[in-house]
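# Structure at a glance
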Amino acid sequence: MHRVLEFDEAAATRSVVLKNLLSGTVDRCFDDSELVSSDSNFSFMRLNGEYDCKIVLFGEFAMAEDEKAICCKILERDVLIGKKMFFKVWVGQDEYYIRKPEPDTTVGSDTIYFHCTRKDLRQVNHVIHADLQR
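To keep things clear, this report deals only with the structure shown in the data block.

What counts and how
- Residues numbered from 1 in each chain as written.
- Predicted model: local features only at pLDDT ≥ 70, side-chain atom pairs only at ≥ 80, totals over all residues.
- Heavy atoms only, no water.
- Phe/Tyr/Trp six-rings, centres within 6.5 Å; stacked < 30°, edge-to-face > 60°.
- Helix = DSSP H or I, 4+ residues; strand = E, 2+ residues; numbered from the N terminus.
- Buried < 20%, exposed > 50% of the residue type's maximum accessible area, 1.4 Å probe, protein only.
- Salt bridge = Lys/Arg side-chain N within 4 Å of Asp/Glu carboxyl O.
- Core = buried A, V, L, I, M, F, W, Y, C linked by side-chain atoms within 4.5 Å.
- Contact = heavy atoms within 4.5 Å.

### Structural notes on the packing of aromatic side chains
Summed over the entire model, instances satisfying the criterion amount to 3 aromatic pairs. Between Phe-61 and Phe-87, the ring centres sit 6.5 Å apart and the planes meet at 85 degrees, which makes this aromatic pair edge-to-face. With a gap of 26 residues between them, Phe-61 in strand β5 (residues 53–62) and Phe-87 in strand β7 (residues 84–91) connect regions that are remote in the sequence. For Phe-87, a relative accessible area of 0% puts it in the buried group.

### Structural notes on the environment of Leu-22
Tracing the sequence through the fold places Leu-22 in the loop between β2 (14–20) and β3 (26–31). For Leu-22, a relative accessible area of 81% corresponds to the exposed category.

### Notes on the pattern of salt bridges
In the structure shown here, the tally under the stated rule is 14 salt bridges. Residues Lys-119 and Asp-27 are paired through a salt bridge, measuring 2.5 Å at the closest nitrogen-oxygen approach. Taken together, the residues Lys-119 in strand β9 (residues 111–124) and Asp-27 in strand β3 connect sequence positions 92 residues apart. Overall, Lys-119 belongs to the partly exposed group, its relative accessible area being 22%. Connected through shared salt-bridge partners, Asp-32, Arg-118, Asp-120 and Arg-122 make up one network.

### Here's the deal with the nonpolar core
Grouped together as the largest cluster of nonpolar side chains are 21 residues, with contacts concentrated most on Leu-18, Met-45, Cys-72, Val-89 and Leu-121. Among the elements of the structure, β2, β5, β6 (70–81), β7, β8 (94–99) and β9 are those that each provide at least two residues to this core. Here this core takes 4 residues from β9, the largest share from any one element. Beyond its immediate stretch of four places on either side in the chain, Leu-18 contacts His-2, Arg-3, Val-4, Thr-25, Val-26, Asp-27, Cys-29, Met-45, Cys-53, Ile-55 and Leu-121. Membership of the second largest hydrophobic core comes to 7 residues, among which are Val-56, Val-79, Ile-81 and Phe-86.

What follows is the structure in structure tokens.
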């Protein structure tokens, strides 16, 4: 579960600052759900509200650990969110999701390295971002 700490509104998108209630980690997540759908978006979220959120790490896979790459332990390899496949990963004390590569070049490894450039909000409670429904 996550608690909404802050909204940072832009012209067509926003950032949502979420606190993981189990680990205490605070994440700033990109939310463009209202831009891509009028009915499958996260506009129902309220300040201090608590929600079950799936946060997707956006970026690219790295070959090895370096100062920019984070170490991710793969918890599940085939997680379906909407119509897209993801890895469920553990980073520190937190669960995130990473889009499963096609073809999967990580087979045989339970640890991957990832250059994360952004965290995207992709599911809140049972509402799935419209981009994942196509």
